[in-house]
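Overview (structure and organization)
Here is what each chain is made of, one letter per residue.
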Amino acid sequence: MSSEVRRAAQILRAGGLVAFPTETVYGLGADASSEKAVARLYAVKRRPADHPVIVHFASADDAFAWASEVPDAARTLAKQFWPGPLTLILKRSSKAKDFVTGGQPSVGLRVPSHPVARELLKAFGGAVAAPSANRFGQVSPTTAAHVREDLGKDADLVLEGGPSEVGIESTIVDLSGGSAVLLRPGAITRREIDAIVRVTGEQSAVRHSGGLERHYAPRTPARMVPAHALDREIAKGKSVAVLAFSRPDERVDFWLRMPREPRTYAQKLYAALRELDSAGCEQILVEAPPEAPEWAAVRDRLKRACEQG
Ligand code: TXA
Ligand code: MG
């Protein structure tokens, strides 16, 4: 184990905040059993206190100790997808206090697969509460540099782990109410979940930050337009930064070309949105991705990043 990770575990034990890489996005971690540490986490994130946070563990056994009931479907999903980009919402045990669940009777559990996250969780030995390591309402960080830009000195340590492999936040499945509800689409698709437990809905009854409109938003106004309308929008002559599948248009100064494969697209998405945002244009134009199910997670994040209508 690296000395950096050992130091990170010590910081967590002392109630500090450690930003660390996961396979989805970078997280900002605090000791999930310490009210003081979690309070500081919320303050730094500028996150409302009633928004629950996901708790991270080194193993499924550790995670399930935070649940009062573990349905068979949860065990099967964990076996299949943990460690990995899946969060399970289960009825909470007495370990999960109000200050991590936002007062809800359920708790979000995740066992990440990134080697640095795993090392940290093992070295710390306990549960780590970790939202994405950005300020509330901004695009999630997928590199350590993004974290430093967003949080500056507010994280006591930022662990380096390269660019996040998945690039968008974990799939969230709520099993706390007897059926399976998809609260947030991610790299693990609805179809993959459905093969194990029938997904009965995609709505969230509870308040969760990913469910707020324009949550993953750049500062520059962004619009999503179908491919055939892209040309018409550009012709209006505004200064635009474009995210598209097609080749650059010479009238546009800032153009990022995206891959036609959804996983690679997701991997690059947040870094691309940050780049487009810093281009200093009046507007961001995003070419809409296909309607096919494998694009669901990317479409979800783009919809939130863009103005509706
Ligand atoms: O990939 C990820 O999940 C990343 C990495 C760092 O693990 N974390 C992440 O956390 O995206 P955050 O806080 O940005 O988003 C967590 C989402 C929120 O929408 C939150 O409301 C929801 O999970 N959530 C957590 N606990 C919940 C609960 N008990 N019931 C419903 N939603 C919950
Ligand atoms: Mg977030």
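Bear in mind the structure is a predicted one, so any value in this text is a computation, not a measurement. In every chain, residue numbers begin from 1 and rise along the written sequence. Chains and ligands are labelled sequentially in the order written, the chains with letters from A and the ligands with numbers from 1. A pLDDT threshold of at least 70 governs which residues receive local features in this predicted model, and a stricter bar of 80 or more applies before side-chain atom pairs are shown or counted, although totals over entire chains, interfaces and linings include all residues. Each side-chain value is derived from all of the structure's non-hydrogen atoms; neither hydrogens nor water enter the calculation.

A common way to report how large an interface is uses the accessible area buried once the components associate. Where each domain begins and ends is defined by an automated method or by a domain database. Domain annotation of the protein identifies domain 1 (3–194) and domain 2 (222–305). Computed over C-alpha atoms only, the centres of domain 1 and domain 2 are separated by 29 Å. On the domain 2 side, the residues contacting the 20 residues of domain 1 number 12 residues. Simply put, the buried area is the total loss of 1.4 Å probe accessible area from both parts when two parts are fitted together. Taking both sides of the interface into account, the surface hidden between domain 1 and domain 2 amounts to around 1,300 Å²; carbon and sulfur atoms contribute 53%. The three residues of domain 1 that bury the most area against domain 2 are Val139, Ile168 and Pro185, which together make up 40% of that side's buried surface. We define a salt bridge as a side-chain nitrogen of Lys or Arg found within 4 Å of a carboxyl oxygen belonging to Asp or Glu. Here domain 1 and domain 2 share three salt bridges between them. A contact between two residues is defined here by any heavy atoms of the two lying within 4.5 Å.

In this section: the nonpolar core. The term nonpolar core refers to a set of buried residues drawn from Ala, Val, Leu, Ile, Met, Phe, Trp, Tyr and Cys, joined through side-chain atoms within 4.5 Å. Accessibility here uses a 1.4 Å probe with only protein chains present; expressed as a share of the type maximum, an area under 20% marks a residue as buried, one over 50% as exposed, and anything in between as partly exposed. Residues Leu28, Trp66, Trp82, Leu86, Leu88, Leu109 and Leu175 are the most contacted members of the largest nonpolar core, which totals 49 residues. Leaving out residues up to four positions away in the same chain, leucine 86 has contacts with Leu77, Phe81, Leu109, Arg110, Ser170, Thr171, Val173, Ile188 and Ile193. Ile168, Met258, Val286 and Cys306 belong to the second-largest nonpolar core, a separate cluster that totals 27 residues.

In this structure, proline 83 follows tryptophan 82 across a cis peptide bond, with omega equal to -10°. Where helices and strands are cited, they refer to DSSP runs of H or I of at least four residues and of E of at least two residues respectively, numbered from the N terminus. Tracing the backbone through its elements, the reader meets proline 83 in the loop between α4 (72–81) and β4 (86–91). Backbone geometry places arginine 46, a non-glycine residue, at a positive phi of 55°. For arginine 46, the location among the structural elements is in the loop between α2 (35–45) and β3 (54–56). A relative accessible area of 58% means that arginine 46 is categorised as exposed.

Here we come to the side chain of arginine 47. You can see arginine 47 is positioned in the loop between α2 and β3. The buried charged residue arginine 47 lacks any salt bridge, with aspartate 50 as its nearest oppositely charged partner at 8.0 Å. In this count, Lys and Arg are taken as positive residues and Asp and Glu as negative ones, while His and the chain termini are left out.

Our next topic: helix α9 (residues 227–235). Those residues of α9 that sit buried are Ala229, Leu230, Glu233 and Ile234. The buried residues of α9 all sit within an arc of 145° when viewed along its axis, so they share a single face. Along α9, the residues that are exposed and aim more than 90 degrees away from the buried face are His228, Arg232 and Ala235. Considering only its buried residues, α9 is in contact with β11 (222–225), β12 (240–244), β13 (254–257) and β14 (283–287). In the segment just after α9, glycine 237 is the residue with positive phi, at about 85°. What the arc measures is the spread of directions leading from the helix axis to the C-beta atoms.

On to the state of the cysteines. A covalent bond bridging the sulfur atoms of two cysteines is what the word disulfide describes. Whenever a pair of cysteine sulfur atoms sits within 2.5 Å, that pair is classed as a disulfide. Taken as a whole and judged by the stated rule, the model has zero disulfides. Here cysteine 281 is not cross-linked by a disulfide; its sulfur's nearest cysteine counterpart is in cysteine 306, at 15 Å. The exposure class assigned to cysteine 281 is buried, which follows from its relative accessible area of 17%. You can call cysteine 306 buried: its relative accessible area is 2%.

Here we come to the packing of aromatic side chains. Stacked, edge-to-face and tilted labels apply to pairs of Phe, Tyr and Trp rings (six-membered ring for Trp) whose centres lie within 6.5 Å, assigned for plane angles under 30 degrees, over 60, and everything in between, in that order. Overall, the coordinates contain five aromatic pairs when judged by the stated rule. Their ring planes at 90° and their centres at 5.7 Å tell us that phenylalanine 245 and tryptophan 295 sit as a pair that is edge-to-face. Of this pair, phenylalanine 245 sits in the loop between β12 and β13 while tryptophan 295 sits in the loop between β14 and α11 (296–305), placing them 50 residues apart in sequence. Residues phenylalanine 245 and tryptophan 295 agree in their burial class; the two are buried. Here the aromatic residues Phe245, Tyr265 and Trp295 are joined through ring pairs into a cluster of three or more. Any Lys NZ or Arg CZ that is within 6 Å of a ring centre and within 35 degrees of that ring's normal is treated as a charge sitting over the ring. The ring of tyrosine 42 has arginine 47 lying over it, and the distance from NZ or CZ to the ring centre is 6.0 Å.

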